[in-house]
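What the coordinates show
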Amino acid sequence: MYNDNPTIAGLDNKVVDESKQGQVFGAEFAVKKPGDKHFYIESYGCQMNFSDSEIVASILGEAGYGPTRDMEAADLILINTCSIREKAEDTVRKRLRVFDKVKQRKPGTMVGVLGCMAERLKAKFLDEEKLVDIVVGPDAYRDLPGLVAGAEEGEKGVNVFLSREETYADISPVRLQSNGVTAFISIMRGCDNMCSFCVVPYTRGRERSRSAFSIVAEATDLFDKGFREVTLLGQNVDSYKWTNPETEDTVNFAELLAMTAAVDPDLRIRFSTSHPKDITDDVLYAMRDHENVCKYIHLPVQSGNSRILDLMNRTYDREWYKAKIDRIYEIMPDCAISSDIITGFCTETEEEHQDTVSMVDYAQYSMSYMFFYSERPGTPAARKLEDDVPLEVKKRRLTEIIELQTSIARKLNAEQVGKTFKVLIEGDSKKSDQEWKGRTTQNRMVIFPKLEGQNPGDYVTVNIHDSTSATLFGTQVEPQK
């Protein structure tokens, strides 16, 4: 079951990759020796959570814990949680009951909850349901070894304090079960946007940015180790802003993109996620002017209706967002744009839903993460707005959006047939070890037959001959000169 999943490899702030939910840390682990201590960790939610699990692995490694994919062999079982949707919380509760059975079979095993659910549900998990020994928030992972030691002595291991300074900039994440080609670099933490539906500002705290030098150093180290693509992660990367304490010079996100792109022309740079209000022309020009900065932007719209956007506190309206889409395509005609969409937000009418439908058609997203509205406790929307759209209406509207997005993705992919792309080989395709999988600069997945002497991390040129709504299929050709 979960033990058979690969570990973290591969999203975004609010972006949730369903294929990665519940992934388990794994690697070519050493056989457990008598006296060794091991941890087992499952991760849920956005890519920031998966990135955090790599940081946790590094911290525990320094404390003498090795990773294991065998839950029964673990001395410490951890679950890195997400509060962005009710489904994620339900899943975590079910997993905690599974872990509790392991504890019953193996007394002395510690169970801990990490991440975004920690603050809101600490009392319930620790005192009421007594399912866990340790509760640790996103800014307190450095305290994890001490909290574990205290819990072993019968203390309550709790730290959910949100920091204004913590960025974990000095910690080198453990890239467990990595494909050795793509990796993630957290460039900032927290969020200041206060969207009315979102729990992130309350679970991850205020925005703070890492040193630009530490980010470039991490990218350089990854390239030297053979990685060929990094994704710069943040809840809102476009608001990245770091001031050098020695010179008082400030680095913004456009400048950071240029700095990381300069590490090596063969290191691809991606980023996630962008807030429409903060992505500037300077960022778009940096993408255009650096071949190795990928031509792909995740630009969540959430709704296509101005009144609903105002209720969501998104700080832009329909026409402003459309103008931003126009500007992206004007500067980079070949750029692919994806989105997040919520259907059935509080008081949304049928006509307002149709505004979202028309926005999807206008923007021509290459893909979208689409959900119906799920009220999250503690958010402004939960406190001030009535969740009054019936569930069946939410689901029907979501289905309409999904069907439209699928048709657009199918059409956009069909338009790539006959074109030639530079593709970074990521590894074997899921269906055949005789085929490679890789991505174009626009983040489109490509499947193509292998040739002799190639390895993951190589760049190849592929001509596309077929497509589906999710995948391109091609054949390798000689690179164009």
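Relevant structure appears above.
All of the points below concern the structure found in this document. (Residues numbered from 1 in each chain as written. Predicted model: local features only at pLDDT ≥ 70, side-chain atom pairs only at ≥ 80, totals over all residues. Heavy atoms only, no water.)

1. A look at unusual backbone geometry
The line we're drawing: By definition, any uninterrupted DSSP run of H or I lasting at least four residues is a helix, any uninterrupted run of E lasting at least two residues is a strand, and each is numbered from the N terminus. To sort residues, take the accessible area from a 1.4 Å probe on protein chains only and compare it with the maximum for the residue type: under 20% means buried, over 50% means exposed, and anything in between is partly exposed.
With an omega of 10°, the peptide bond running from S272 to T273 counts as cis. The phi torsion at Q302 lies on the positive side, around 70°, for a residue other than glycine. Within the fold, Q302 resides in the loop between strand 15 (296-298) and helix 9 (306-311). Under the relative-accessibility criterion, Q302 is labelled buried at 2%. Non-glycine residue T347 carries a positive phi angle of around 70°. Examined against the element boundaries, T347 turns out to sit in the loop between strand 16 (336-343) and helix 11 (350-363).

2. Structural notes on the side chain of H298
Which entries qualify depends on this criterion: Under this definition, polar contacts are N or O atom pairs within 3.5 Å; protein pairs additionally need one hydrogen-donor-capable and one acceptor-capable atom, and for neighbouring residues in sequence, both atoms have to be side-chain atoms.
The topology assignment puts H298 in strand 15. For H298, a relative accessible area of 2% translates into the label buried. Among the polar contacts listed, one links the side chain of H298 to the side chain of D340, at a separation of 2.7 Å.

3. What to know about the packing of helix 8 (residues 281-289) against helix 10 (residues 318-331)
So the rule is basically this: Geometry is summarised by axes, namely lines fitted to C-alpha atoms with helices restricted to the contacting stretch, and by angles between N-to-C directions that run from 0 to 180 degrees. An angle below 35 degrees is read as roughly parallel, one above 145 as roughly antiparallel, one from 65 to 115 as roughly perpendicular, and any other as oblique. Take the far helix as the reference: if the near one is turned anticlockwise from it by less than a right angle, the crossing is left-handed, and if turned clockwise, right-handed. We call two residues contacting when some pair of their heavy atoms lies within 4.5 Å. All residues other than Ala, Val, Leu, Ile, Met, Phe, Trp, Tyr, Cys, Pro, Asp, Glu, Lys and Arg, Gly among them, are scored as polar; the first ten of these are nonpolar and the last four charged.
Packing of helix 8 against helix 10 brings their axes to within 10 Å, and their N-to-C directions diverge by 30°. One finds that helix 8 runs roughly parallel with respect to helix 10. Note on packing geometry: the crossing formed by helix 8 with helix 10 is right-handed. For the pair helix 8 and helix 10, contact is made by D281, L284, Y285 and R288 and by R327, I328 and I331, respectively. Taken together, the residues that form the contact of helix 8 with helix 10 break down as four nonpolar, no polar and three charged.

4. Considerations on the packing of helix 6 (residues 212-224) against helix 7 (residues 253-261)
To describe two helices that pack against each other, one gives the angle between their axes and the distance between the axes. Their axes nearest at 9 Å, the elements helix 6 and helix 7 cross at an angle of 30°. On the basis of the axis angle, helix 6 is roughly parallel to helix 7. Classified by chirality, the crossing of helix 7 by helix 6 is right-handed. The segment helix 6 lies against helix 7, with A212, F213, I215 and V216 engaging L256, M259 and T260.

5. Some remarks on the environment of T273
One can find T273 in the loop between strand 14 (268-272) and helix 8. The class for T273 is buried, based on a relative accessible area of 1%. Spatially, the C-alpha atom of T273 lies 12 Å from that of Y369, the residues being 96 residues apart in sequence. A distance of 2.8 Å separates the side chain of T273 from the side chain of S272, its partner in a polar contact.

6. A word on the packing of aromatic side chains
Aromatic ring pairs are described here by two measures, namely the spacing of the ring centres and the angle between the planes. Defined as follows: Aromatic rings from Phe, Tyr and Trp, taking only the six-membered ring of Trp, are treated as a pair when their centres fall within 6.5 Å; an angle between ring planes under 30 degrees marks them as stacked, one over 60 as edge-to-face, and anything in between as tilted. Two conditions define a charge located above a ring, namely a distance within 6 Å from the ring centre to NZ of Lys or CZ of Arg, and an angle within 35 degrees of the ring normal.
By the definition in use, this model includes eight aromatic pairs. Taking the centre distance of 5.9 Å and the plane angle of 20° together, the rings of Y141 and Y168 count as stacked. Of this pair, Y141 sits in the loop between strand 6 (134-136) and helix 4 (144-152) while Y168 sits in the loop between strand 7 (157-159) and strand 8 (182-186), and the two are 27 residues apart along the sequence. Considered together, Y141 and Y168 belong to a single accessibility category, that of buried residues. Following the ring pairs from residue to residue traces out a cluster consisting of F197, F345 and Y373. Above the face of the F223 ring, R228 is positioned so that its terminal group lies 4.0 Å from the ring centre.

Keep in mind these numbers describe shape, not what the thing actually does.
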